[in-house]
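Residue-level structure breakdown
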Amino acid sequence: MNLQEMPDEGPYVSGDSACAGCMASNIAHNLLRILGKKTIVSVPPSCMSVFAGTFPNLNWNTPYFHMQFANTAATVTGISRALRAQGKDDIVVLGIAGDGGTGDMGLQSLSGAAQRDENILYICYNNQGYENTGIQASGMTPIGAWSNTTPVRNHSTGNEYYPKDIPRILLAHEATYVATASTADISDFIRKIERAKEIVGFRYIEILSVCTPGWDVKTHLGPQLAREAIDTGFWLLIEYDKHILTINHEPKFKGLKEFLRKQGRFKHMTPDQYKIMEEYIRHKYKVYQSLSSLNYLQ
Ligand SMILES: Cc1ncc(C[n+]2csc(CCOP(=O)(O)OP(=O)(O)O)c2C)c(N)n1
């Protein structure tokens, strides 16, 4: 399927109450345009559960479950096994969670599902913070970023810690399919969702999701920032399929400072902080580059 072949509407229907410029809403639309109607969706507490999942105003024209914060992978595991017991093998069982619900609260159930190779598709829309509850830092917030729990005052200069890299954690599980994606590269996005749809087993895709209030950016800037994120190396597009890791988009490693300066959450950063961010981005790229030369389970 290419962009022209995608149906205009999928079973995620228009009219959610997401913030202006929210890319998570855009991700949900595009995801369901590709996956289609034979999908069962589960979303834990998050922006998405609020802007699209409050009964009776659901935007999901599919069976939909809302569960507790830590349970996404466990819930979809149960649904997937129940379908298997009924002999139904043509339904995508989809869990969608934010970065907090994935990398912090939901990490243990995600790890268990990956290790047991449960037949689920898990999407993390990574907006790099606990945004729904008022912009708190998560374990996946970038180093240096402002948030309400990583303030910029009294000698504090934003988030002090490196973010967790969940794809790399899942590679250590020898997970069946792991990828990162961005709607800024829509062909890559479509290809990965279609690939994940056809595979049986554990599939994880993490998608960068610009959050206009959380990143403190103008509401029209989402698509541009998403594009700059992959070009600067801030968001690396990778894919781990059949135990082979590929980097799908070569970053230019240029314009990082300009990219960061467009975002209020980074505007306080000192030259030393830019350097730390730059070094981290190059370090991460090198780690993936070295992993991409391995093919150790073949
Ligand atoms: C056990 C538990 N702790 C805290 C909350 C409150 N809570 C609801 S949504 C949320 C933030 C979710 O962050 P994330 O998963 O990153 O998704 P986002 O809001 O950014 O879309 C929190 C802390 C909760 N619902 N359950």
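Let me begin by describing the structure that accompanies this report. (Residues numbered from 1 in each chain as written. Predicted model: local features only at pLDDT ≥ 70, side-chain atom pairs only at ≥ 80, totals over all residues. Heavy atoms only, no water.)

1. Concerning the overall build of the protein chain
Applied cut-off: Numbering of helices and strands starts at the N terminus; helices are DSSP runs of H or I of at least 4 residues and strands are runs of E of at least 2. Each radius of gyration is computed over the set of C-alpha atoms, and the globule rule expresses the reference value as 2.2 Å times the number of residues to the power 0.38. Burial classes: relative accessible area under 20% of the type maximum marks a residue as buried, over 50% as exposed, and values in between as partly exposed (1.4 Å probe, protein chains only). To measure how exposed things are, a 1.4 Å probe is used in the Shrake-Rupley method; for residues, cover is taken only from the protein chains shown. In summary, the charge assignment counts Lys and Arg as positive and Asp and Glu as negative, without counting His or the chain termini. For this purpose, a charge sits on NZ of Lys, CZ of Arg, CG of Asp or CD of Glu.
What the protein chain contains, in helices and strands, is 11 helices and eight strands. Computed over C-alpha atoms, the radius of gyration of the protein chain comes to 18 Å, within 12% of the 19 Å expected from 2.2 N^0.38 for 298 residues, which places it in the range of a compact globule. Expressed as lengths along the three principal axes of its C-alpha atoms, the size of the protein chain is roughly 60 × 50 × 40 Å. For the protein chain, the proportion of its 298 residues judged to be buried stands at 55%. When the accessible area of the protein chain is evaluated, it comes to approximately 13100 Å², of which 53% is carbon and sulfur surface. If the 29 positive side-chain charges of the protein chain are averaged to one point and the 29 negative ones to another, these points end up 2 Å apart.

2. Re unusual backbone geometry
The omega torsion of the bond from Phe-55 to Pro-56 falls at 5°, within 30 degrees of zero and hence cis. On the secondary structure map, Pro-56 appears in the loop between α2 (47-52) and β2 (64-66). Phi is positive for Gln-128, close to 65°, though the residue is something other than glycine. By the element assignment, Gln-128 lies in the loop between β4 (121-126) and α6 (166-171). Classification of Gln-128 by relative accessible area gives buried; the value is 7%. The phi dihedral of Glu-174 falls on the positive side, at around 55°, and the residue is not glycine. On the basis of relative accessibility, which here comes to 32%, the residue Glu-174 falls in the partly exposed class.

3. As for the nonpolar core
Under the convention used in this document: Side-chain atoms within 4.5 Å link the members of a nonpolar core, which is a set of buried Ala, Val, Leu, Ile, Met, Phe, Trp, Tyr and Cys residues. Note on definitions: a residue-residue contact is assigned when non-hydrogen atoms from the two residues lie within 4.5 Å.
If you look at the biggest cluster of nonpolar residues, it comprises 35 residues, and the most contacted ones within it are Met-48, Trp-60, Leu-94, Ile-96, Ile-123 and Ile-205. At the level of secondary structure, the elements contributing two or more residues to this core comprise α1 (23-35), β1 (39-43), α2, β3 (92-98), β4, β5 (177-181), α7 (186-198) and β6 (203-208). For this core, the element with the most residues is α1, which contributes seven residues. Excluding anything up to four places from it in sequence, Ile-123 contacts Leu-31, Leu-94, Gly-95, Ile-96, Ala-97, Ile-193, Ile-205 and Ile-207. With 28 residues, the next largest nonpolar core counts Ile-79, Ile-120, Ala-175 and Val-178 among its residues.

4. Notes on the site of the ligand
Applicable threshold: To be near a molecule or strand, a residue needs just one of its heavy atoms within 4 Å of it. Any pair of nitrogen or oxygen atoms within 3.5 Å is treated as a polar contact; in protein, a donor-acceptor pairing is required on top of that, and neighbouring residues in sequence qualify only through side-chain atoms on both sides. Under the grouping applied here, Gly and all other residues not named as nonpolar or charged are polar, the nonpolar ones being Ala, Val, Leu, Ile, Met, Phe, Trp, Tyr, Cys and Pro and the charged ones Asp, Glu, Lys and Arg.
Around the ligand, the structure places 16 residues, and the nearest of them are Gly-100, Gly-101, Tyr-125, Gly-129 and Asn-132. The contact in question runs from an oxygen atom of the ligand to an N or O atom on the backbone of Asp-99, over 3.4 Å. With respect to the ligand, the backbone of Asn-132 contributes an N or O atom lying 2.9 Å from an oxygen atom. Here the ligand has 580 Å² of accessible area as a free molecule, and 72% of this is covered by the chains. Of all the elements, helix α4 (residues 99-104) adds the most residues to the shell around the ligand, at three residues. Considering only residue class, the shell around the ligand consists of six nonpolar, eight polar and two charged.

5. Concerning the state of the cysteines
Structurally, a disulfide amounts to a covalent bond that connects the sulfur atoms of two cysteines. Quick note on the threshold: For the purposes of this analysis, a disulfide is any pair of cysteine sulfur atoms at a distance within 2.5 Å.
Per the counting criterion, the structure on display carries zero disulfides. Here Cys-19 stays free of any disulfide, with the sulfur of Cys-22 as its closest cysteine sulfur at 6.3 Å. For Cys-19, a relative accessible area of 47% puts it in the partly exposed group. No disulfide involves Cys-47; its sulfur sits 5.9 Å from the nearest other cysteine sulfur, which is in Cys-211.

6. Observations concerning the side chain of Thr-102
Relative to the helices and strands, Thr-102 resides in helix α4. What makes Thr-102 buried here is its relative accessible area of 0%. Within the structure, Thr-102 has its side chain in polar contact with the backbone oxygen of Gly-98 (distance 2.7 Å). Those residues in contact with Thr-102 that lie beyond four places of it in its chain are Ala-97, Leu-107, Leu-110, Tyr-122, Cys-124 and Tyr-204.

7. Here's the deal with helix α9 (residues 222-232)
Burial analysis of α9 places eight of its 11 residues in the buried class, which makes it a mostly covered element. Taken residue by residue, α9 has Gly-222, Leu-225, Ala-226, Glu-228, Ala-229, Ile-230, Asp-231 and Thr-232 as its buried positions. Residues of α9 that are buried sit in contact with α1, β6, α10 (256-261) and α11 (271-292). Backbone geometry just after α9 places Gly-233 at a positive phi near 95°.

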